[in-house]
Amino acid sequence: MRNMFLAGSILLLGAVAFSLWGEIADRQYLQVHFLDVGQGDAILIQTPQGHDILIDGGPDEKVLEKLGKEMAPWNRDIELMVLTHGEADHISGLVGVLKAYEVKQVLWNKMEKETKVFAAFKSELEKEDAHVVEAEAGQEIRWGTDSALKVLLADKEASAFNDSSVVLLLEAPSFRVLLLGDITKAGERKLVSEGDLAVDVLKAAHHGSKTSSSRELLEAARPRIAVISVGAENLYGHPAPEVLGRFAEYGIEVLRTDMQGDISFRIPSSP
Ligand SMILES: [Zn+2]
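Each chain has its residues counted from 1, running along the sequence as written. Thresholds applied to this predicted model are a pLDDT of at least 70 for local features of residues and 80 or more for the giving and counting of side-chain atom pairs; totals over whole chains, interfaces and linings are not thresholded and use all residues. Hydrogens and water molecules were not included; the side-chain quantities draw on all heavy atoms of the structure.

Caption draft 1: Spotlight on the packing of helix 3 (residues 62-70) against helix 4 (residues 88-100). To obtain an axis, a line is fitted to C-alpha atoms, over the contacting stretch when the element is a helix, and the angle between two such axes runs from 0 to 180 degrees between their N-to-C directions. Working definition: helices are DSSP H or I runs of at least four residues, strands are E runs of at least two. Numbering for both runs from the N terminus. Axis separation between helix 3 and helix 4 bottoms out at 8 Å; the angle between their running directions is 55°. Put simply, helix 3 runs oblique to helix 4. For the pair helix 3 and helix 4, the contacting residues are Val 63, Leu 64 and Leu 67 in the first and Gly 93, Gly 96, Val 97 and Ala 100 in the second. Considering only residue class, the contact of helix 3 with helix 4 consists of five nonpolar, two polar and no charged. If an angle is under 35 degrees, it is roughly parallel; if it is over 145, roughly antiparallel; if it lies from 65 to 115, roughly perpendicular; otherwise it is oblique. For this analysis, residues touch if any pair of their heavy atoms sits within 4.5 Å. Polarity classes work like this: nonpolar for Ala, Val, Leu, Ile, Met, Phe, Trp, Tyr, Cys and Pro, charged for Asp, Glu, Lys and Arg, and polar for all others, with Gly in that last group.

Structure follows, in C-alpha cells:
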C-alpha cells in the first residue's frame, strides 16, 4: 500500500485569515455538507483547520450557490477538489468551481470520457495552477493529528465506468463517513473484502440505485444514517424502493437531499 500524505501542502496552504467571528466559530467543528444539487453528488468537507474539500460538483452550476452559502465570501480557496468519476452528474458543476475558485489540489482517477463537459473540465483544469494527483487506493489526506480522508478504491480496471469511482473514507475521532461515488454491487464486494468499513454515515452509492447498496455492504458498514443524494422526480426512479426497503430492514435512518435539502453534519473537533 502506498501512503501519500498531502498534509504538508494542505496545512501550508490552509493558513487563511478570518475576519468574521462567525466563520471562526464554525471552524471549531468538522463539517460535512451533502449539498442539494439535484440529481448528482456534491459534498463539501470543512475541517477545523480551515480547509475546504469539495467532492464532486453535481450536474450544473447550482453548486456555486451552495458553496456561497457555506463558505465565507472572502474565502475563494478550495484546498482539495476530488472528482469521483467523470459522469455529468458529478463533473459538470466542477467546471464552474474551477473558474470561480482557486483550487489548490485535485484528486481524480484520470479516467477520460468523450463528452463536452469532460473536455470543459480538462480545459479548466489545465488553466488552474493546481497540484493534480491520480487517485490510488491507500492514499491518505490528513489534517490535525487525528483525522483523514482515505482513498479506499480507485479501480481503473473495473468493467463498469461507475466502478472506477474514487471511494473515500472520512475518519475523524468518533465519526466515520463512507463516500461511495457511484460504485455498483461489484465495487461494493471488492470494498468489503478489503477491510473495516464500519461507519456512522454512508453516502449511498449511485443515488440509491438498485444496482448498489447490497446487503453485503450494509452488513459491513452498519451505518446509523444513509444519505441519498438525489434529484426530485428524477428520470431514473432513484432511490429504488428495494434499496429503501433494505435500509429500513437494517434500521438505517435515511436522509435524502430531494426531501431534506442540504444535509449537514457538524462534529466538535477534539481538544
Ligand atoms: Zn451519479
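Caption draft 2: Summary view of the sheet that holds strand 2 (residues 43-46). Judged by pairing direction, the sheet is mixed, and its seven strands sit side by side in the order 8-7-5-3-2-1-16 without closing on themselves. The two strands at the open ends of the sheet, each matched to only one other strand, are strand 8 (131-134) and strand 16 (263-268). Here the average twist between neighbouring strands, direction ignored, is 15°. Here a strand pair is declared whenever DSSP counts at least two bridges between the two strands. Bridge analysis of strand 1 (residues 29-34) against strand 2 gives four bridges, and the strand direction is antiparallel. By the bridge assignment, Val 32 is partnered in strand 2 with Ile 45. Strands strand 1, strand 2 and strand 3 (52-55) of the sheet are contacted by helix 3, whose axis makes an angle of about 20° with strand 2. Contacts from helix 4 reach strand 3 and strand 5 (80-83), with the element oriented near 155° to strand 5.

Caption draft 3: Expanded view of unusual backbone geometry. A cis amide bond links His 238 with the next residue in sequence, Pro 239, at an omega value of -5°. Relative to the elements of secondary structure, Pro 239 occurs in the loop between strand 14 (225-228) and helix 8 (241-249). Although it is not a glycine, Asp 56 adopts a positive phi angle of roughly 70°. Considering the arrangement of structural elements, one finds Asp 56 in the loop between strand 3 and helix 3. A positive phi angle, near 45°, is found at Glu 233, a position not held by glycine.

Caption draft 4: Inspection of the pattern of salt bridges at higher detail. One speaks of a salt bridge when a side-chain nitrogen belonging to Lys or Arg is within 4 Å of a carboxyl oxygen belonging to Asp or Glu. Following the criterion strictly, the structure yields 18 salt bridges and no others. Lys 104 serves as the salt-bridge partner of Glu 102, at 3.2 Å between the closest nitrogen and oxygen. Each residue is assigned to one of three classes by its accessible area relative to the maximum for its type, calculated with a 1.4 Å probe on protein chains only: buried under 20%, partly exposed between the two thresholds, exposed over 50%. Glu 102 sits in the partly exposed class, given a relative accessible area of 44%. In this structure, the salt-bridge partner of Asp 155 is Lys 190, at a minimum N-O distance of 3.5 Å. Here Asp 155 is found in the loop between strand 10 (147-153) and strand 11 (167-172), whereas its partner Lys 190 is found in helix 6 (residues 185-192), with 35 residues between them in sequence. Looking at Asp 155, the relative accessible area reads 16%, which means it is buried.

Caption draft 5: Looking closely at the coordination of the zinc ion. On the protein side, the zinc ion has Asp 89 (OD), His 90 (NE2), Asp 182 (OD) and His 207 (NE2) as donor atoms, found 2.1 Å from it. One can describe the donor arrangement at the zinc ion as irregular, given that its four donor atoms subtend angles of 86 to 149° at the metal. Donor residues for the zinc ion sit on one chain with the sequence pattern D-H-x91-D-x24-H. Taken as a pair, His 90 in helix 4 and Asp 182 in the loop between strand 12 (175-179) and helix 6 lie far apart in primary sequence, 92 residues in all. Here Asp 182 falls in the buried class, since its relative accessible area comes to 1%. Coordination partners: N, O, S within 2.8 Å of the metal, 3.2 Å for Na, K and Ca; water not considered, so apparent gaps in a site are possible. Note on geometry labels: four donors, all angles 85 to 135 degrees, give tetrahedral; four donors become square planar and six octahedral when opposite donors are over 155 degrees apart and every other angle is between 65 and 115; remaining cases are irregular.

Caption draft 6: Representation of the confidence of the model for the protein chain in the model. Mean pLDDT over the protein chain: 90, with 89% of residues reaching 70 or higher. As a per-residue measure, pLDDT tells how confident the predictor is, with possible values from 0 to 100. Overall, residues 1-25 carries pLDDT values under 50, and its contacts beyond four positions in sequence, including any with other chains, amount to 41 contacts.

Caption draft 7: How the structure looks around the packing of helix 4 against helix 5 (residues 116-127). Across the interface, helix 4 lies against helix 5 with an axial gap of 9 Å and an inter-helix angle of 35°. The hand of the helix 4/helix 5 crossing is left-handed. Along the contact surface, helix 4 presents Ala 88, Ile 91, Ser 92, Leu 94, Val 95, Leu 98 and Lys 99, while helix 5 presents Val 117, Phe 118, Ala 120, Phe 121, Glu 124 and Leu 125. A crossing counts as left-handed when the near helix is turned anticlockwise from the far one by less than a right angle, and as right-handed when that turn is clockwise.

Caption draft 8: Fine view of the pairing of strand 15 (residues 253-256). Sheet topology places strand 14 next to strand 15; four bridges connect them, and they run parallel. Note that in strand 15 the partner of Ile 228 across the bridge is Arg 256. Seen with the strands pointing away from the viewer, any crossover whose path from the first strand over the helix to the second strand runs clockwise is right-handed. Following the backbone out of strand 14, through helix 8 and into the adjacent parallel strand 15, one traces a crossover that is right-handed.

Caption draft 9: Highlighting the packing of aromatic side chains. For this analysis, a ring pair means two rings from Phe, Tyr or Trp (six-membered ring only for Trp) whose centres lie within 6.5 Å, classed as stacked if their planes differ by under 30 degrees, edge-to-face if by over 60, and tilted for the remaining angles. Here the structure, examined in full by the defined rule, presents five aromatic pairs. Plain terms: the ring middles of Trp 108 and Phe 118 are 5.8 Å apart, the flat faces sit at 50° to each other, and that makes the pair tilted. You can see Trp 108 sitting in strand 7 (residues 105-108) and its partner Phe 118 sitting in helix 5, a full ten residues away along the chain. On the basis of relative accessibility, which here comes to 3%, the residue Trp 108 falls in the buried class. Centre to centre, the rings of Phe 118 and Phe 121 are 6.4 Å apart; their planes meet at 45°, and the pair counts as tilted. Of this pair, Phe 118 and Phe 121 both sit in helix 5, three residues apart, which is roughly one turn of that helix. According to the relative accessible area criterion, Phe 118 is buried, its value standing at 2%. A network of ring pairs unites the aromatic residues Phe 34, Phe 175 and Phe 265 as a single cluster. In this scheme, Lys NZ or Arg CZ marks a charge over a ring once it lies within 6 Å of the ring centre and within 35 degrees of the ring normal. The ring of Tyr 101 has Arg 76 lying over it, and the distance from NZ or CZ to the ring centre is 4.3 Å. Positioned above the aromatic ring of Phe 161, the side-chain terminus of Lys 113 is 4.3 Å from the ring centre.

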